[in-house]
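Observations on chain architecture
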Amino acid sequence: MTGKKTREQSAAVQFIRRFFSRGIIVKAATAIVLLFLVGMILGPVLTPYDPNAINLREFLSEPSWKHWLGTDVQGRDVMTRILYGARVSLVACFFACLGSAVVGIALGLIAAYWQGSIWETLIMRYVDFQMSLPAMLITIIAGLFLGYGLVALIIAMGIGYIPSYIRLIYSVVIQLKESDYVVALRLANVKSIQIVFKHLLLNSIPSAIVMFAMNLGKAVMLESTLSFLGIGIQAPQASWGTMVSDGYEYIFRRPVLCLAPGICITLLVISFNIIGDSLRDTLDPRLRGRI
């Protein structure tokens, strides 16, 4: 038992070393994501201000020791709203991607393992239909039916990413189920449910993890875009997209109002993409280059 734990710990250490050996850019991207996570969790501790409290006496205050990034048109502390906005962006994007991953992986497994059945036809035609439409349009339509709010935004965003997981898992499982050991399991009359969950699903997880990390970056951009358009998070709740929308009118007078949340969005999207790319290289034994 101790030897098994030691081997697992050794494999985990090797994975971490390979992941961070991709170059300093991966370390920087990981540090940026961790920084946003810390800010999201410790927001109430790091700032004494209420992100939604209006104080017109400090209307468009310049950056100072009291307000590091100044205040917005309603006198709210910009730094505080960025920290609280990180909660909305990260929570919404994480659960949207998680929900779409669970549904997409399940449907992809069903379609691939029972290839040729009515289930494969229905699932893959659904994928073809949704992939023929822009993800933004699908999310907007879903949001209009579900209404406003964080939960509705998570569901609407999650629906848009389901086909990508279905296609990925479908292609991976199609290859895996023709491998010698899966054929041997079927000849040995091993139950299909056991083959799907114990062998095909576990071997598909690495590819799903990579797509999950990649989709996180896309989801951050999508959530910010929806909030900017007024479809996502509604005022007065802080969101990076709404902050950009409120601040762009004052871009020449107080550029920090839209540039600060815009920079946060850019850094987070790029960081998730770099992490996803490094995960792909680390999990794929054929890729051992440095980025």
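Look above for the structure.
Notes on the structure in this doc start here. In every chain, residue numbers begin from 1 and rise along the written sequence. At least 70 in pLDDT is required for a residue's local features to be given in this predicted model, at least 80 for side-chain atom pairs to be given and counted, and no such filter applies to totals for whole chains, interfaces and linings, which use all residues. The side-chain numbers reported here are obtained from all heavy atoms of the structure, hydrogens and water having been left aside.

1. Section: the packing of helix H8 (residues 180-187) against helix H9 (residues 192-229)
Put simply, the rule reads: Here an angle of 0 to 180 degrees is reported between the N-to-C directions of two axes, which are lines fitted to C-alpha atoms, with helices fitted over the stretch in contact. In DSSP terms, a helix is any run of H or I states spanning at least four residues, a strand is any run of E spanning at least two, and both are numbered starting from the N terminus. Should an angle fall under 35 degrees it is taken as roughly parallel, and over 145 as roughly antiparallel, whereas 65 to 115 is taken as roughly perpendicular and any remaining angle as oblique. Contact between two residues is taken to exist if any of their heavy atoms lie within 4.5 Å; hydrogens are not considered. Charged means Asp, Glu, Lys or Arg here, nonpolar means Ala, Val, Leu, Ile, Met, Phe, Trp, Tyr, Cys or Pro, and polar covers whatever is left, Gly included.
One way to put it is that H8 packs onto H9 with a least axis distance of 12 Å and a crossing angle of 175°. Taken together, the axes of H8 and H9 are roughly antiparallel relative to one another. Mapping the contact onto sequence places Tyr 181, Val 182, Leu 185 and Arg 186 in H8 and Ile 195, His 199, Leu 200 and Asn 203 in H9. Looking at side-chain class alone, the contact of H8 with H9 contains five nonpolar, two polar and one charged residues.

2. Details of helix H7 (residues 150-176)
What counts, and what does not: A helix is expected to reach a length of 1.5 Å times the quantity of its residues less one. Note on bend: the value at a residue is the angle between axes fitted to the seven residues ending there and to the seven starting there. Each residue is assigned to one of three classes by its accessible area relative to the maximum for its type, calculated with a 1.4 Å probe on protein chains only: buried under 20%, partly exposed between the two thresholds, exposed over 50%.
Between its first and last C-alpha, H7 extends 38 Å over 27 residues, near the 39 Å set by a 1.5 Å rise per residue. Roughly 35° is the biggest bend found in H7, and it falls at Tyr 161, with proline Pro 163 one to four residues downstream. Among the 27 residues in H7, 19 count as buried, and that is most of the element.

3. Comments concerning the packing of aromatic side chains
Note the cut-off: The criterion for an aromatic pair is that two Phe, Tyr or Trp rings (for Trp, the six-membered ring) have centres within 6.5 Å, with stacked assigned to planes under 30 degrees apart, edge-to-face to planes over 60 apart and tilted to the rest.
On inspection of all chains with the given rule, the structure shows five aromatic pairs. Considering the side-chain rings of Tyr 113 and Trp 114, the 4.9 Å spacing of their centres and the 80° angle between planes classify their relative orientation as edge-to-face. The class for Tyr 113 is buried, based on a relative accessible area of 11%. Aromatic rings pair up to connect Phe 94, Phe 95 and Phe 212 into one cluster.

4. Quick look at a nonpolar patch on the surface
Using the following cut-off: A residue counts toward a patch only above 30% relative accessible area and without a salt bridge, and it is joined to like-charged neighbours within 9 Å or, for Val, Leu, Ile, Met, Phe, Trp and Tyr, to nonpolar neighbours within 5 Å. In short, Shrake-Rupley with a 1.4 Å probe defines the accessible areas, and a residue's cover is counted only from the protein chains shown. Any carboxyl oxygen of Asp or Glu that lies within 4 Å of a side-chain nitrogen of Lys or Arg is treated as forming a salt bridge with it.
A cluster of nonpolar side chains, contributed by Leu 137, Ile 141, Phe 145, Leu 146, Val 151 and Ile 155, occupies part of the molecular surface with about 590 Å² of accessible area. Counting only elements with at least two residues in the nonpolar patch, the list comes to helix H6 (135-146) and H7. Looking at the nonpolar patch element by element, the count peaks at four residues for H6. Residue Ile 141 is classed as partly exposed on the basis of its relative accessible area, which comes to 37%.

5. A closer look at the nonpolar core
Operational definition: Residues belong to one nonpolar core when they are buried, are Ala, Val, Leu, Ile, Met, Phe, Trp, Tyr or Cys, and are joined through side-chain atoms within 4.5 Å.
Ile 82, Met 157, Val 220, Trp 240, Leu 268 and Phe 272 are the most contacted members of the largest nonpolar core, which totals 45 residues. Per element, the largest residue contribution to this core is eleven residues, and it comes from helix H11 (residues 256-283). When residues no more than four places from it in sequence are discounted, the contact partners of Ile 82 are Leu 69, Trp 240, Met 243, Ala 260, Pro 261 and Cys 264. By size, the runner-up hydrophobic cluster in this structure holds 23 residues, among which are Ala 112, Tyr 113, Val 127 and Ala 208.

6. Notes on the environment of Ile 41
Relative to the helices and strands, Ile 41 is located in helix H2 (residues 24-41). The exposure class of Ile 41 is exposed, given its relative accessible area of 57%. Along the backbone, Ile 41 and Ile 54 are 13 residues apart, and their C-alpha atoms lie at a distance of 23 Å.

7. A short note on the environment of His 67
Mapped onto the fold, His 67 is located in the loop between helix H3 (43-46) and helix H4 (78-113). Looking at His 67, the relative accessible area reads 4%, which means it is buried. His 67 sits 13 residues away from Thr 80 along the chain, and the two C-alpha atoms are 9.0 Å apart. Setting aside its immediate chain neighbours within four residues, His 67 contacts Tyr 49, Glu 58, Glu 62 and Asp 77.

8. A look at the side chain of Thr 139
Mapped onto the elements, Thr 139 comes out in helix H6. In this structure, Thr 139 is in contact with Ala 156, Met 157, Gly 160, Leu 222 and Leu 226, ignoring residues within four places of it in sequence.

9. Some words on H4
Here is the rule: By the criterion applied in these results, polar contacts are pairs of N or O atoms within 3.5 Å in which, for protein atoms, one can donate a hydrogen and the other can accept it, and in which residues neighboring in sequence qualify only through two side-chain atoms.
A rise of 1.5 Å per residue sets the reference length of H4, with its 36 residues, at 52 Å; its end C-alpha atoms lie 51 Å apart and thus fit the reference within 8%. A distance of 3.4 Å separates the backbone nitrogen of Met 79 from a side-chain oxygen at the start of H4, and that oxygen is part of Asp 77.

10. Considering the pattern of salt bridges
For the structure on display, the rule yields three salt bridges. For Asp 128, the salt bridge identified is with Arg 125, shortest N-O distance 2.8 Å. Placement of the pair is Asp 128 and Arg 125 together in helix H5 (residues 118-131), with a separation of three residues, close to one helical turn. Judged by its relative accessible area of 42%, Asp 128 is partly exposed. Through salt bridges with shared partners, a single ionic network connects Asp 72, Arg 76 and Arg 81.

11. Looking at the state of the cysteines
For clarity, the threshold we go by: In this description, a disulfide is simply a cysteine sulfur pair whose atoms lie within 2.5 Å.
Counted according to the given criterion, the structure contains zero disulfides. In this structure Cys 258 is not part of a disulfide, and its nearest cysteine sulfur, from Cys 264, lies 12 Å away. Judged by its relative accessible area of 8%, Cys 258 is buried. A relative accessible area of 12% places Cys 264 in the buried class.

12. Overview of the environment of Ser 164
Mapped onto the elements, Ser 164 comes out in helix H7. Put simply, Ser 164 and Gly 104 are 60 residues apart on the chain and 7.5 Å apart in space, counted from C-alpha to C-alpha. When sequence neighbours within four positions are dropped, the list of residues in contact with Ser 164 reads Met 211 and Asn 215.

These results come straight from atomic positions and should not be treated as a statement about function.
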